[in-house]
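In case you want the letters, here they are:
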Amino acid sequence: MATDITDVRARPEPIKAVPVRHPGRWVSVAVLAVLAAMFVHVLVTNPAFQWSFMFTSMFNPPIIDGVLRGTLGMTICAMLLGVTLGVVVAVMRLSDNPILRVVAWLYTWFFRAVPRVVLLVLFGNLGILWSRLELGVPFDTQLGTLFGLSNLHLRIGGLDSRDLLSGFLAGLLALFLSEAAYMAEIVRAGIQSVDPGQGEAAAALGLSKGQILRRIVLPQAMRVIVPPTGNETIAMLKDTALLINVPVIYELFFQLDAIGKRTFQTFPMLVAACLWYLALTSVLLVGQYFLERHFSRGYGQPARARLKLRGLAAEQGGGGQGVAG
Amino acid sequence: MVKAENVHKSFGRLEVLRGIDLEVRQGEVCCVIGPSGSGKSTFLRCINHLEKVNAGRIWVDGDLIGYRERGGKLYELREKDVAAQRRGIGMVFQRFNLFPHMTVLENVMEAPLRVRGESKAEVRERALRLLDRVGLSAKVDTYPGQCSGGQQQRVAIARALAMRPKLMLFDEPTSALDPELVGEVLDVMKDLAAEGMTMIVVTHEIGFAREVGDSLVFMDGGVVVESGGPRDVIANPRHERTRSFLKKVL
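Residues numbered from 1 in each chain as written. Chains lettered and ligands numbered in written order. Predicted model: local features only at pLDDT ≥ 70, side-chain atom pairs only at ≥ 80, totals over all residues. Heavy atoms only, no water.

Counted only if it meets this: UniProt positions are given in the numbering used here, feature names are shortened, and annotations may be inferred rather than shown by experiment.
Within an unreviewed UniProt entry, the label attached to chain A reads ABC transporter permease, and the organism entered is Planosporangium mesophilum. On record in UniProt, under Sequence similarities (unreviewed entry), the comment for chain A is "Belongs to the binding-protein-dependent transport system permease family."

Dropping the structure here:
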């Protein structure tokens, strides 16, 4: 029998060959080791680092407060609002209504063209434009003079803009409005990645446009939308450092900078900022990894193999229908 | 049940349909054959208004599709009303178009639940019955990606039937299938025809047309070249174009 031959034949001896040498690796290790030693030497011997001072002050209550409120709080708020508005703008961009399409295009054009720092400073200074924010009929005074009424005021109510548009709110507005523009592009790409046959099949069943979007298209677009959104979240966390320009006081970088300036220990506090942002973004990176794994289930190779195995098991167990790839 | 009058459709400058007249009676199975690019799929998609016709009229069960006629004037229907018309018309696509993020059972339950707002238990029971009817009881909790093409197409038929349509449109339902899977889908369609469903089937399966069809329409170049009883048309085609097409596919 044919199979017997392989059994009878003795296995050849495993190959014992001299491996190829890689002298380049050893050279690079040596060079890097020297550079690393130099770096550590600077860290340890240069007194300007003030390590003990840095470690004691980087966990001060105002700094923890800044991390929670300014950095994490702002990231969460700006991303939630940004994603929501981004979906709206993306849907507007893809709508049949030409007005909505143009408005959506203008929106993304403006907020992607202006740098975030500039937006933040701009929103921080919006109080200059209006001392009071009021809700009412636009051009009421002008219309009044047109019809011979002087000082016509058709307004419902108002707020002092310096209360409203300073600090946290101004920063939040600038960050989430600009984030929405980027998210709109990401969501649009996601929606467009879904096979048009899906929408047609749903339409043929009598589902409404809104139902098709919510139930059929968006869930499938998620696989494309989630990974870049994770990147956006990490970028947003880092961009909260820009809030120092608004300024927002309860924020990590502002607080570290303030301590540095107050104690004339600027450099240790900058190092502390690096360590804080490293730690925070590392946590998000881990989260992103699991999120991506979750949303790509059923599509990736290992998942497919698992499904196949399950299908085979079912076939053997219950005599089900065959599985085709 | 279905009546089309002088239907025209163009995409840009390309005229795909150039005056289609067709009548399908209640319970009739009408098979549409023709070379690719002859406009048969486009015509099918006009019947449930996935494509807007440029001229002519289509009625399904007495309703003018896509428009409302009042005082000699045509008014475009709003999306809501178009969706309502589509509920009575089931459609099966060449590429199945099942929803990949839902299980087989959820695929079948989706439309009756969201569109008709029926009770979940009732919809579920009907969906299970339908899946049993197309021979897929064992597959209810799997995802479409885990099913073969033939199984997916049978799910798609069950999904369309779940809306209790009065008319079923089949757009080359077996063209994307491996040859050995074609039979299982055609069997389901045969059963459906035997139960008296009105069906319009765009197909390349001449055997199915001859065996199951009540009428056969041969389309070419955006017009109906020839129509009649399937055995008649296949056995003695009157037009040269029909003859040469049948010679190639038979």
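1. Here's the deal with the environment of Arg243 of chain B
Residues and elements named next belong to chain B. Stated precisely, the cut-off is as follows: Secondary structure is summarised from DSSP: a helix means a run of H or I of at least four residues, a strand means a run of E of at least two, and numbering begins at the N terminus for each. Three labels apply to residues, based on accessible area from a 1.4 Å probe with only protein chains included: buried if under 20% of the type maximum, exposed if over 50%, partly exposed otherwise in between. Whether two residues touch is decided by their heavy atoms; if any such pair falls within 4.5 Å, the residues are in contact.
Here Arg243 is to be found in helix α9 (residues 240-249). Given the relative accessible area of 36%, Arg243 is considered partly exposed. Here the alpha-carbon distance between Arg243 and Ile47, two residues 196 residues apart in the chain, equals 28 Å. Not counting residues within four places of it along the chain, the set of residues in contact with Arg243 comprises Pro237 and Arg238.

2. Things to note about the interface of chain B and chain A
Here is the rule: What gets called buried area is simply the loss in accessible area from a 1.4 Å probe that two parts show on being joined, summed for both. Distance and chemistry together define a polar contact, namely a pair of N or O atoms within 3.5 Å, with one atom able to donate a hydrogen and the other to accept it when in protein, and with adjacent residues in sequence counting only for side-chain atoms on both sides. Polar here means any residue outside two lists: the nonpolar Ala, Val, Leu, Ile, Met, Phe, Trp, Tyr, Cys and Pro, and the charged Asp, Glu, Lys and Arg; Gly therefore counts as polar.
Tallying the contact residues gives 32 residues for chain B and 24 residues for chain A. Between chain B and chain A, a total of about 2300 Å² is buried, with carbon and sulfur atoms accounting for 56% of that surface. Taken as a group, Phe99, His101 and Gln146 of chain B account for 22% of the area that chain B buries against chain A, more than any other trio of residues on that side. Linking chain B with chain A are 6 residue pairs in polar contact (both at pLDDT 80 or more), by the criterion used here. Within the residue set of the side of chain B that touches chain A, elements represented by two or more residues are α2 (79-87), β8 (89-92), α3 (104-116) and α5 (149-161) of chain B. Residues belonging to the side of chain B that touches chain A are distributed by class as follows: 15 nonpolar, 8 polar and 9 charged.

3. Brief notes about helix α1 (residues 40-47) of chain B
All names here are of chain B. Of all 8 residues that make up α1, 7 are buried, and the element is covered over most of its length. Restricting attention to buried positions, one finds in α1 the residues Lys40, Thr42, Phe43, Leu44, Arg45, Cys46 and Ile47. His49 sits one or two positions beyond α1 and adopts a positive phi of about 65°.

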